[in-house]
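Residues per chain, in single letters:
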Amino acid sequence: MDTKLLKANEESIDLACELLKNGEVVAVPTETVYGLAGDATNSEAIKKIFEAKGRPSDNPLIVHISNLNMLDKIVSKIPEDAKKLAKVFWPGPLTIIMPKSKEVCSEVCAGLDSVGVRMPSNPIAREIIEKSEIAFAAPSANISGSPSPTIATDVFADMNERIPLVIDGGECEAGVESTVISVLDDKPVILRPGIVTKEEIEKVLNKEVVIDKHITENIDAKGEVLSPGMKYKHYSPKANVVVVKGSLENFVAFIEAHELENAFAMCFDGEEDEISIPALSYGKIDDPESQAHNLFAVLRDLDRMGAEYIIARCPEKEGVGLAVYNRLIRAAGFKLYEV
Ligand code: TXA
Ligand code: MG
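Rules used in this analysis
Residues numbered from 1 in each chain as written. Chains lettered and ligands numbered in written order. Predicted model: local features only at pLDDT ≥ 70, side-chain atom pairs only at ≥ 80, totals over all residues. Heavy atoms only, no water. Helix = DSSP H or I, 4+ residues; strand = E, 2+ residues; numbered from the N terminus. Rg over C-alpha atoms; globule rule 2.2 N^0.38 Å. Buried < 20%, exposed > 50% of the residue type's maximum accessible area, 1.4 Å probe, protein only. Near = heavy atom within 4 Å. Polar contact = N/O pair within 3.5 Å; in protein donor to acceptor, adjacent residues only side chain to side chain. Pairing = 2+ DSSP bridges. Contact = heavy atoms within 4.5 Å. Axes fitted to C-alpha atoms, helices over the stretch in contact; angles between N-to-C directions. Domains from an automatic or database assignment. Buried area = accessible area lost by both parts, 1.4 Å probe. Salt bridge = Lys/Arg side-chain N within 4 Å of Asp/Glu carboxyl O. Nonpolar A, V, L, I, M, F, W, Y, C, P; charged D, E, K, R; others polar. Parallel < 35°, antiparallel > 145°, perpendicular 65-115°, else oblique. Left-handed = near helix turned anticlockwise from the far one by under 90°.

Chemist: Honestly, the overall build of the chain in this entry has me stumped. Any pointers?
Modeler: Across its full length, the chain carries 10 helices and 16 strands. The C-alpha atoms of the chain give 20 Å as radius of gyration, which agrees with the globular expectation for 339 residues (20 Å, within 12%). With respect to the three principal axes, the spread of C-alpha positions in the chain is 60 × 50 × 35 Å. Here the chain, with 339 residues, has 56% of them falling under the buried criterion.

Spelled out as structure tokens, the structure:
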């Protein structure tokens, strides 16, 4: 299959809508990461998404809508907490797990009776939903297991010859995927951290929100997980990643003590010259939003540079930092050294 990579404009957006209506899969930009979109009510389209990504069929997809009227078709009930959250955070990078409707095909939800829904803020994603009148299911547009793509050429690198069209909408703003929260019962649980933080959500709901422990901890193969996505290897570049927690001085000493060949460092802005091996910054030390924005792009850059090892500075776990920590520690297969 020939894969077109087209800049977002009226013509390419019309083509994307036509392909979606015909049950095809199209890569589209969102404010978080690029997504692989397919009609959420069309089993054949959803099967193509799983195939293109090489995604295990028990890992459910998120459904994207552009206005609240569309929600009634996707869910069988809108819990009170969901109403409050949608009012404040939509459009934006928050996915809310609710009871699913019959219209959403079972492949989207991997057989679960719940569905994750979000209303993206990216104008191109919104225009495609509005014009096609299709609520699309969309996972991140990477081959399963590799870092999520935040620019169209990274989507193309993974999806060439697998899907007919990639819409280039420039760099994604957030750089990490949406926060996922379940409001299926009275105790909301964050299943994946993102730009919308636990603190912000608690303020809106006026109650405690639990962070699922799998966000920061490894699970054993038999462990029960609330979100199927938690149990798979994720965000991994080809290189071996290790995360090193401690001062810059001790980070430098760690690198010098190990003498790894073909190793690159991932550091914070301004630290590059202190480090004895080639180093790329993934953001400002005290600005987790900048780290989130760059994280996946830097992991992909280092792969292209031929890194065998990536030794990364550990981000703080506070606020948006938790999203950065969660992605990086998974990219590292939970290899964390404290120095
Ligand atoms: O920002 C995003 O959310 C991006 C863009 C494209 O919108 N999408 C994305 O999708 O990250 P994906 O498929 O890569 O991640 C979806 C996550 C997975 O961890 C999945 O297990 C979880 O959401 N999820 C989806 N539906 C669920 C459900 N019904 N119950 C529990 N977890 C669910
Ligand atoms: Mg993903």
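Chemist: So what exactly am I meant to see when it comes to the site of ligand 1 here?
Modeler: Close contacts around ligand 1 come from 28 residues, with Thr32, Asn59, His64, Ser178 and Gly229 the closest. A distance of 2.6 Å separates an oxygen atom of ligand 1 from a polar side-chain atom of Thr32. One of the side-chain N or O atoms of His64 is found 2.6 Å from an oxygen atom in ligand 1. Contributing elements (two or more residues each) for the shell around ligand 1: strand 4 (62–64), strand 6 (114–118) and strand 10 (189–192). Among the elements that line the shell around ligand 1, the one with the most residues is strand 6, at four residues.

Chemist: Explain the sheet that holds strand 10 to me, please; I cannot follow it from the model alone.
Modeler: What holds strands together in a sheet is hydrogen bonding between their backbones, with the strands either parallel or antiparallel. Ordered by their spatial adjacency, 11 strands build an open sheet running 1-8-2-3-7-4-6-5-9-10-11, and the pairing between neighbours is mixed. The open sheet has two edge strands, strand 1 (4–7) and strand 11 (210–211), and neither has a second partner. Note that strand 10 and strand 11 share two bridges and pair parallel. Residue pairing across strands places Ile190 opposite Ile211, the latter belonging to strand 11. Relative to the sheet, helix 2 (residues 43–53) contacts strand 3 (35–39) and strand 7 (136–137), its axis offset from that of strand 3 by approximately 155 degrees.

Chemist: What am I meant to see in the sheet that holds strand 16 (residues 336–338) here?
Modeler: Pairing is parallel across the open sheet formed by five strands, whose spatial order is 14-13-15-12-16. The outermost strands of the open sheet, each flanked by one partner alone, are strand 14 (279–281) and strand 16. For this sheet, the mean inter-axis angle between neighbouring strands, taken without regard to orientation, is 25 degrees. Pairing analysis gives four bridges linking strand 13 (residues 263–267) to strand 15 (residues 309–313), with the strands arranged parallel. Residue pairing in the sheet places Ala263 in a bridge with Tyr309 of strand 15. Taken strand by strand, helix 10 (residues 321–331) contacts strand 12 (240–245), strand 13, strand 15 and strand 16, and its axis lies near 130 degrees from that of strand 12.

Chemist: Help me understand the domain arrangement of the chain, please; the structure alone is not making it clear to me.
Modeler: It is common to give the size of an interface as the accessible area that goes away when the parts come together. Segmentation of the chain into domains returns domain 1 (4–215) and domain 2 (240–338). If you average the C-alpha positions of domain 1 and of domain 2, the two centres end up 28 Å apart. Note on domain 1 versus domain 2: buried area summed over both sides is about 1,600 Å², and carbon and sulfur give 53% of it. At the junction of domain 1 with domain 2, the criterion picks out three salt bridges. Between Arg327 and Glu177 there is a salt bridge whose closest N-O contact spans 2.7 Å. For the side of domain 1 that touches domain 2, the residue count by class is nine nonpolar, nine polar and seven charged.

Chemist: Explanation requested: the environment of Leu61 in the structure shown.
Modeler: By secondary structure assignment, the location of Leu61 is in the loop between helix 2 and strand 4. According to the relative accessible area criterion, Leu61 is buried, its value standing at 3%. The sequence separation of Leu61 and Glu202 amounts to 141 residues, and the corresponding C-alpha distance is 25 Å. Residues contacting Leu61, with those up to four places away along its chain left out, are Ile46, Ile49, Phe50, Arg55, Val108, Gly116, Ala137 and Pro139.

Chemist: What is the right way to look at the packing of helix 1 (residues 10–21) against helix 5 (residues 123–132) in this model?
Modeler: Contact pair helix 1 / helix 5: the axes reach a minimum separation of 9 Å and the direction vectors enclose 55 degrees. Here helix 5 runs oblique to helix 1, going by the angle between their axes. Taken as a pair, helix 1 and helix 5 cross one another with a handedness that is right-handed. Every residue of helix 5 that contacts helix 1 at Glu10, Ile13, Asp14, Ala16, Cys17, Leu20 and Lys21 is listed here: Ile124, Glu127, Ile128, Lys131 and Ser132. Looking at the contact of helix 1 with helix 5, its residues break down into six nonpolar, one polar and five charged.

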